[in-house]
Amino acid sequence: METIRQDPVYANGNYTAPPPSLKLATAFYGIATAGGTLNYQKQAPTHAQADKLVDARLAAPVTADANDFLWQWGSSADYDAAPDLGKIEAALLAINAADDERNPPETGITEAAMKRVRNGRIYLIPAREQTRPLHHPQRQVLPPAAAGTSADRAAEGDVTAQFRNAPAGGIRM
């Protein structure tokens, strides 16, 4: 965010053209949130391939507005749902991935928080070889090959059906 704010073209939000720093911020944020280090080692295992990947990101058109970008990312800076978790009455299913680099399950933060939600359950997606991002920092989905066959998914069970039909004590996943 400071990269954009410190850009002279930004002009305290009164810019007439997108500040160049917006392109850098969005390109590098996209790189930082696109499946992690192992994903990039697969996509670009050599220095030349990595440079090509970065160049492609930097060549992409900027579709964001700098002020909107700053507002969106700045609005989450002081957000803390923790004080009100005990007030949630609806059934809540939190889904996290074992290989999530931004919210790693090893910290125990999400698991501890979900214990405070009366009808809350947590499902941890096992680590997979490959993930690909959607257009949101914390949404990662498995590509069809990594997700397995429909028989594999049936064997694992339908998580939403398990949750919907769970006894009052919940289910252990």
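Residues numbered from 1 in each chain as written. Predicted model: local features only at pLDDT ≥ 70, side-chain atom pairs only at ≥ 80, totals over all residues. Heavy atoms only, no water.

A closer look at the overall build of the protein chain
A tally of helices and strands in the protein chain yields nine helices and four strands. Sequence-ordered secondary structure for the protein chain, helices as α and strands as β, is α-α-α-α-α-β-α-β-β-β-α-α-α. Within the protein chain, the proportion of its 173 residues that are buried is 24%. A sequence separation of at least 24 residues applies to 64% of the contacts in the protein chain between residues at least 6 apart. (Helix = DSSP H or I, 4+ residues; strand = E, 2+ residues; numbered from the N terminus. Buried < 20%, exposed > 50% of the residue type's maximum accessible area, 1.4 Å probe, protein only. Contact = heavy atoms within 4.5 Å.)

Some remarks on the pairing of strand β1 (residues 92–97)
In terms of strand pairing, β1 meets strand β2 (residues 120–125) through six bridges, oriented parallel. Following the sheet pairing, Ile95 is matched in β2 by Tyr123. Taken together, β1, helix α6 (residues 109–114) and β2 constitute a β-α-β crossover, and its handedness is right-handed. (Pairing = 2+ DSSP bridges. Right-handed = clockwise from strand over helix to strand, strands pointing away.)

What about the pattern of salt bridges?
Pairing is possible between side chains of opposite charge, provided their charged atoms come close. Tallied over the entire structure, the rule returns two salt bridges. Its salt-bridge partner being Arg5, residue Glu2 comes within 2.8 Å of it at the nearest N-O pair. One end of the pair, Glu2, and the other, Arg5, are both in helix α1 (residues 2–5), three residues apart, so they sit about a helical turn from each other. Judged by relative accessible area, which is 44%, Glu2 ranks as partly exposed. Close ionic contact of Asp84 with Lys87 constitutes a salt bridge, the shortest N to O distance being 2.9 Å. (Salt bridge = Lys/Arg side-chain N within 4 Å of Asp/Glu carboxyl O.)

Points about the side chain of Asp7
Positionally, Asp7 belongs in the loop between α1 and α2 (20–32). No salt bridge is formed by the buried Asp7; the nearest opposite charge belongs to Lys23, separated by 12 Å. Not counting residues up to four positions away in its chain, the partners in contact with Asp7 are Pro19, Pro20 and Ser21. (Lys, Arg positive; Asp, Glu negative; His and termini not counted.)

Focus: the packing of aromatic side chains
Centre distance and the angle of the planes are the two values used to describe a pair of aromatic rings. Using the criterion set out here, one finds three aromatic pairs in the structure. Ring centres of Tyr29 and Trp73 lie 4.8 Å apart, and the angle between their planes is 50°; on these two criteria the pair is classed as tilted. With Tyr29 in helix α2 and Trp73 in helix α5 (residues 66–75), this residue pair connects regions lying 44 residues apart in the sequence. Taking the relative accessible area as the measure of exposure, Tyr29 reaches 30% and is therefore partly exposed. Pairwise contacts between aromatic rings join Tyr29, Phe69 and Trp73 into one cluster. (Phe/Tyr/Trp six-rings, centres within 6.5 Å; stacked < 30°, edge-to-face > 60°.)

Brief notes about the packing of α2 against helix α4 (residues 47–59)
Two elements in contact, α2 and α4, have axes separated by 9 Å at closest approach and are oriented at 135°. As the angle between them shows, α2 and α4 are arranged oblique. Crossing handedness for the pair α2 and α4: right-handed. Each of Lys23, Leu24, Ala27, Phe28, Gly30 and Ile31 in α2 lies in contact with α4, whose residues at this interface are Val54, Arg57, Leu58 and Ala59. Tallied by class, the residues present in the contact of α2 with α4 amount to seven nonpolar, one polar and two charged. (Axes fitted to C-alpha atoms, helices over the stretch in contact; angles between N-to-C directions. Parallel < 35°, antiparallel > 145°, perpendicular 65-115°, else oblique. Left-handed = near helix turned anticlockwise from the far one by under 90°. Nonpolar A, V, L, I, M, F, W, Y, C, P; charged D, E, K, R; others polar.)

Regarding the confidence of the model for the protein chain
When pLDDT is averaged across the protein chain, the result is 77; 72% of the residues are at 70 or more. Per-residue pLDDT, averaged within each element of the protein chain, yields its smallest value for helix α7 (residues 144–147) (38) and its largest for α1 (94). Here residues 130–173 is a poorly scored stretch, pLDDT under 50, and it has 56 contacts once near neighbours within four places are set aside; other chains count. (pLDDT = per-residue confidence, 0-100.)

Focus on the environment of Thr37
Mapped onto the elements of the fold, Thr37 is located in helix α3 (residues 36–43). The class for Thr37 is partly exposed, based on a relative accessible area of 47%. Distance from Thr37 to Glu101, taken between C-alpha atoms, is 9.1 Å for residues 64 residues apart in sequence.

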